[in-house]
Amino acid sequence: MTKSQEKMNSLSYSLLEKYDGIDQANPETQALGNIISWEVQPKFFRIGRSAFQLLKKPIVIPGSDLKISSIKLKGVGARTHSGDIIKPTTLAVHNNNPHLGFNKHGDFIPVKSTPAPIGAITLERAYREFNVSKALIKVGCPSIIPISVYKYLDSELKFSLSKTKSEVLGVVVTGIPQNTYLRADSVFKYKTLDKKEQKKLNEWMKHLGIVNSVNPALSLITELSRLYGRTIRKFSEAGFYRYSGAPDNYSYCVDTGEVFLIDLDSSRLLEECSSIEKPLQIMRDAASGIAYLITFLTDPNCLHNFPKEQVLNYNPFKSFIMGYYDDINSEYIDSLSPIIDDFYVKVYELSHQNNSNYLVTNNDNKSFQQYLSNSFIRPWIDRKEIYSHLMPIFWLLHEKSNMMNYAPHQLSLDQIFQKISKYSSIKTVNSVKNKLRYCI
């Protein structure tokens, strides 16, 4: 492609906001416009819509210990399942696997995620990620660091939310405090990574003191789970909720020794919740960390790398809880852990009977749309079942922690069980009640 052709195919944009704490005169941040416009093709190292740019020289944030070693650009396109790099589109991807939500009365309800444009992000969502990261950095919760927000000006780049409503597309640029695109989900694929990626994860292990482990990847998952527990509690204490605990949403920084949060555009303010809903949303975010650990460790594609006996021995589930509820007596946590272990074992056994192979042979955007939709489906996991088991446990943990001062329970445990019976089934409620009887 000639230079003139590149110009013809470039995207027009406008800078809307920038974070004052960042040196915007830095030549490398100034050059980001060429990537946003596609005069320079963005670099994607993972499937999805987050482009990655390694900085030649880290950007130091004045008045803090933070520094930016690389940059994430969300909304400038995507890397598809077939390795193609595409521009932002207005083609919608739907997550038909609803997550757990609550209404103002505390009823457990399935909530579908808002459709998202493939390779793009709406301006409203771009601003949300920028503002949430700004607020988290201010209170010391480890996260990506806000840099800037842009709007695409091309008239065709509008995402239809309905027949009468559409939104313009944007780009949110954030800083990453490490020099790698790897996230915690990469640890689950450790054996299939290339040597360079394994070397980076080996650095994480060394920094966390993991040596002579029978299963180094599982040891690292366990340590990252503990640190993620600490971070997601800070996220809740900062006044936010609705964060997915999936390991692809957080990573580890060697320089700070902390797990930091990455994708923040779905986060919302706790102040918008009723007094009944507020503690439930906090507990759901915590339970999400365990739910996704179980999900990833029982994925049929990598099940053989994480034998059941080793997982129960290292116990990343308990590690997460110890990180989140570091103000609770460990013996109390020990009494509740067997319920989670039992549920994990149940899912582990069932996962052998499921097929998670969603091969898509075509390489166009439509097939990528199908690939993304399928990626949300995990047939070996029943979301209603897992949260019906976890929420009573986290109700008990929340009650014993200082989080009660921040968001006290408005519903009794019996009322929680009543809500769960309508959300899931009485059979599940009776099963959980019976297990709790022997664990407390």
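Quick note: structure is the one above.
Each value, and the rule that gives it
Residues numbered from 1 in each chain as written. Predicted model: local features only at pLDDT ≥ 70, side-chain atom pairs only at ≥ 80, totals over all residues. Heavy atoms only, no water. Helix = DSSP H or I, 4+ residues; strand = E, 2+ residues; numbered from the N terminus. Rg over C-alpha atoms; globule rule 2.2 N^0.38 Å. Buried < 20%, exposed > 50% of the residue type's maximum accessible area, 1.4 Å probe, protein only. Axes fitted to C-alpha atoms, helices over the stretch in contact; angles between N-to-C directions. Parallel < 35°, antiparallel > 145°, perpendicular 65-115°, else oblique. Contact = heavy atoms within 4.5 Å. Nonpolar A, V, L, I, M, F, W, Y, C, P; charged D, E, K, R; others polar. 1 Å grid on protein atoms, 1.4 Å probe; cavity = no way out; pocket = protein on both sides within 12 Å on 5 of 7 lines; lining within 4 Å. Points joined across faces, edges and corners; volume = space filled by probe spheres on them. Phe/Tyr/Trp six-rings, centres within 6.5 Å; stacked < 30°, edge-to-face > 60°. Lys NZ or Arg CZ within 6 Å of the ring centre and 35° of its normal. Core = buried A, V, L, I, M, F, W, Y, C linked by side-chain atoms within 4.5 Å. Salt bridge = Lys/Arg side-chain N within 4 Å of Asp/Glu carboxyl O. Expected span 1.5 Å × (residues − 1). Polar contact = N/O pair within 3.5 Å; in protein donor to acceptor, adjacent residues only side chain to side chain.

Before going further, it helps to spend a moment on the overall build of the protein. Scanning the protein for helices and strands turns up 15 helices and 16 strands. For a compact globule of 440 residues, the expected C-alpha radius of gyration is about 22 Å, and the protein comes in at 22 Å, within 12% of that figure. Oriented by its inertia axes, the alpha-carbon framework of the protein measures out at about 70 × 55 × 50 Å. A total of 440 residues make up the protein; the buried ones form 53% of that total.

What follows concerns the packing of helix 12 (residues 383–400) against helix 14 (residues 413–423). Contact geometry of helix 12 with helix 14 gives a least axis separation of 11 Å together with a crossing angle of 175°. Classified by the angle their axes make, helix 12 and helix 14 are roughly antiparallel. Note on element contacts: helix 14 touches helix 12 through L413, I416, F417, I420 and Y423, opposite R383, K384, S388, P392, W395 and L396. Of the residues that constitute the contact of helix 12 with helix 14, the class distribution is 8 nonpolar, 1 polar and 2 charged.

The subject of this paragraph is empty space enclosed by the protein. Enumeration over the complete set of coordinates arrives at 1 cavity of 30 Å³ or more. Empty space within the largest cavity amounts to approximately 130 Å³. Broken down by secondary-structure element, the contributors of at least two residues to the lining of the largest cavity are strand 2 (48–60) and strand 3 (67–79). At 3 residues, the largest contribution of residues to the lining of the largest cavity is made by strand 2. The residue makeup of the lining of the largest cavity, split by class, is 10 nonpolar, 3 polar and 3 charged.

Among the secondary structure elements, E385 is positioned in helix 12. Looking at E385, the relative accessible area reads 17%, which means it is buried. If we ignore the near neighbours within four places in the chain, the residues touching E385 are F343, K346, S424 and T428.

Throughout the structure, instances matching the rule amount to 19 aromatic pairs. With a centroid separation of 5.8 Å and 85° between ring planes, the pair formed by F45 and F52 is classed as edge-to-face. Linked through ring pairs, Y228, Y250, F320, Y324, Y325 and F394 together constitute an aromatic cluster. The aromatic ring of Y423 is capped on one face by K384, whose charged end is 5.4 Å from the ring centroid.

Once that is clear, we can look at the nonpolar core. Formed by 97 residues in total, the largest nonpolar core has its most connected members in I294, F394 and L397. Sort the elements by how many residues they give to this core and helix 7 (residues 277–297) lands first, with 12 residues. Leave out the neighbours within four places in its chain, and F394 touches M283, A286, A287, I290, F320, I321 and Y325. Within the second largest apolar cluster, 34 residues are counted, among which are I68, F130, I137 and L157.

Bringing the side chain of T174 into the picture now. Relative to the elements of secondary structure, T174 occurs in strand 12 (residues 166–176). Relative accessible area serves as the criterion here: at 0%, T174 is assigned to the buried category. Apart from residues no more than four positions distant in its own chain, T174 is found in contact with S70, I71, K72, E129, I144, I145, P146 and I147.

Further remarks concern unusual backbone geometry. For residues other than glycine, phi is negative in most cases, and the peptide bonds are mostly trans. In this model, W38 sits at a positive phi of 75°, which is unusual for a non-glycine residue. Along the chain, W38 falls in the loop between helix 3 (32–36) and strand 2. A positive phi is found at N315, a non-glycine position, where the angle reads about 50°. Along the chain, N315 falls in the loop between helix 8 (308–314) and helix 9 (316–324).

Right, let's talk about the environment of N215 for a bit. Position of N215 relative to the elements: it lies in the loop between helix 5 (195–207) and helix 6 (216–237). Considering only alpha carbons, one finds N215 and S375, 160 residues apart in sequence, at a separation of 27 Å. Those residues in contact with N215 that lie beyond four places of it in its chain are N305, F306, P307, Q310 and Y314.

For side chains bearing opposite charge, pairing can occur when the charged atoms are close. According to the stated counting rule, one finds 23 salt bridges in the structure shown. Note that D265 is salt-bridged to R49, the shortest N-O span being 3.6 Å. You can see D265 sitting in the loop between strand 15 (258–261) and strand 16 (268–269) and its partner R49 sitting in strand 2, a full 216 residues away along the chain. A salt bridge links K74 to E129; its shortest N-O distance comes to 2.8 Å. Taken together, the residues span a long stretch of sequence, with K74 in strand 3 and E129 in helix 4 (residues 123–139) at a distance of 55 residues. Each member of the pair, K74 as well as E129, is classed as buried. The structure contains a network of salt bridges with shared partners spanning R49, K72, K74, R125, E129, R183, D263 and D265.

Moving on, we come to helix 12. Taking 1.5 Å as the rise per residue, helix 12 with 18 residues should run 26 Å; its terminal C-alpha atoms sit 26 Å apart, in good agreement. The buried fraction of helix 12 amounts to 15 of the 18 residues, a majority that puts the element mostly inside the structure. Capping of helix 12 at its N-terminal end is provided by D382; its side-chain oxygen lies 3.0 Å from the backbone amide nitrogen of K384.

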